[in-house]
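# Remarks on the overall topology
This is what each chain is made of:
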Amino acid sequence: MGPKSARSLDEWYKLINQIYIDRNFERHPATVYSHLVEVVSGLSLLATDKKKRGVTPENFIPKAFAWWLALCGKLGIRSVEDMIWAKFPAICPYCKKGNPHHPDCQIIKAADPYPHWTELKDIADKTYSKKPKTFKDWQLMFFEIYGSSQGESYDKVFSRLNEELGELAEAVRAFELAPGLFFSEAPDVFAWLMKVQNVLDSKNHVPIDKRGIFISEYFERQYPDRCLECKKMICRCPSILPSSLRRIAKEAPEATGIFNGRGPLLRQDEIQKLFELGETELHYGGQSVPVD
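Note that the structure is a prediction, hence the values are computed from the model and not measured.

Glancing now at the pattern of salt bridges. Tallied over the entire structure, the rule returns 9 salt bridges. Linking Asp-22 and Arg-236 is a salt bridge whose minimum nitrogen-to-oxygen distance equals 2.8 Å. Of this pair, Asp-22 sits in helix H2 (residues 21-25) while Arg-236 sits in the loop between helix H12 (213-222) and helix H13 (268-275), placing them 214 residues apart in sequence. In this structure Asp-22 comes out as partly exposed when scored by relative accessible area, which is 42%.

Right, let's talk about the pairing of strand S1 (residues 281-284) for a bit. Note that S1 and strand S2 (residues 287-290) share 4 bridges and pair antiparallel. When the sheet's bridge partners are listed, Tyr-284 is paired in S2 with Gln-287. The turn joining S1 and S2, which pair antiparallel and follow one another in sequence, is formed by 2 residues; a positive phi near 60 degrees is taken by Gly-285.

Before going further, it helps to examine helix H6 (residues 80-87). Judged by how many residues are buried, H6 sits mostly within the fold: 6 of 8 residues are covered. When H6 is considered as a whole, its buried residues turn out to be Val-80, Glu-81, Met-83, Ile-84, Trp-85 and Lys-87. On its buried side, H6 packs onto helix H1 (9-19), helix H5 (60-74), helix H8 (117-126), helix H9 (135-146) and helix H11 (180-203).

Once that is clear, we can look at the side chain of Asp-201. Among the structural elements, Asp-201 can be located in helix H11. Buried and unpaired, Asp-201 has Arg-211 as its nearest opposite-charge partner, separated by 4.5 Å. With residues up to four places along the chain from it excluded, the contact list for Asp-201 reads Gln-139, Val-206, Arg-211 and Gly-212.

The residue after Asn-99, namely Pro-100, is reached through a cis peptide bond having omega -5 degrees. Residue placement: Pro-100 occurs in the loop between H6 and helix H7 (105-111). For Lys-96, which is not glycine, the phi dihedral falls at a positive 65 degrees. Mapped onto the elements of the fold, Lys-96 is located in the loop between H6 and H7. Notably, Lys-231 is not glycine yet its phi reads approximately 65 degrees, a positive angle. Residue position: Lys-231 is located in the loop between H12 and H13. Note on Lys-231: relative accessible area 51%, which makes it exposed.

A few words on a nonpolar patch on the surface. A contiguous nonpolar surface patch, about 400 Å² in accessible area, is contributed by Leu-266, Ile-271, Leu-274 and Phe-275. Within the secondary structure, Leu-274 is located in helix H13. Note on Leu-274: relative accessible area 54%, which makes it exposed.

Rules behind the numbers
- Residues numbered from 1 in each chain as written.
- Predicted model: local features only at pLDDT ≥ 70, side-chain atom pairs only at ≥ 80, totals over all residues.
- Heavy atoms only, no water.
- Salt bridge = Lys/Arg side-chain N within 4 Å of Asp/Glu carboxyl O.
- Helix = DSSP H or I, 4+ residues; strand = E, 2+ residues; numbered from the N terminus.
- Buried < 20%, exposed > 50% of the residue type's maximum accessible area, 1.4 Å probe, protein only.
- Pairing = 2+ DSSP bridges.
- Contact = heavy atoms within 4.5 Å.
- Lys, Arg positive; Asp, Glu negative; His and termini not counted.
- Patch = residues over 30% accessible without salt bridge, like charges linked within 9 Å, V, L, I, M, F, W, Y side chains within 5 Å.
- Areas by Shrake-Rupley, 256 points an atom, 1.4 Å probe, with all protein chains shown as cover.

Put into structure tokens, the structure is as follows:
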């Protein structure tokens, strides 16, 4: 790998999954996805202006990108760069315009809501040499397509990001049956995370030529070719770090107090007894015999 500041998105993708290959090995893709959602919820504090001790919402943007990369690694994506470029080859996949996209893009999308993948592939192939490399390059590309402004509201941005997370959830759930869904929805989540960063940079008056530096520097600090916690090249940390608990969900009741002194969790036999709906009739030889 080259210098950290010049590392491509695929190089970070490879590094993140190398470090955490053992830690994530037995995690189901849905578990990795749930951690991505957890991190995005910390990021959404930007929209609510809610304060939580020890939580800096801005730091959850690169965290979200890291878990997005981990999810892609769990599902075996060959190249995240190529996956994003296939849908966003420096243009909006719906209005086919870039720098910026068409002002009436929503109207165009309403009339023709699905990307024309063959056309996008032709564009992506012809312009492949212009494909972004670093986080900075990708952020600038999305800024050129979709822009951002200081007065832009987080509410709409997070509403759309939440919508895309829901669609990504379906893609993860149905991956084995319909893997193509992931190749459409994962780039959308990446694009909206970039939108959040661009809006944040606009509100903080970050010059255009400085955009993308925050994410790059965060990755350089947090992933120094090894796990920051255990300092090993292949992470040997427990699956759930104590420092990650009560980071976002901080409040918890005394469980026994809300269950009248009983344990809060059912045993397996109690679960079966409470939820099992057994047969109420036996059918044999054309006859029905009721049973208790």
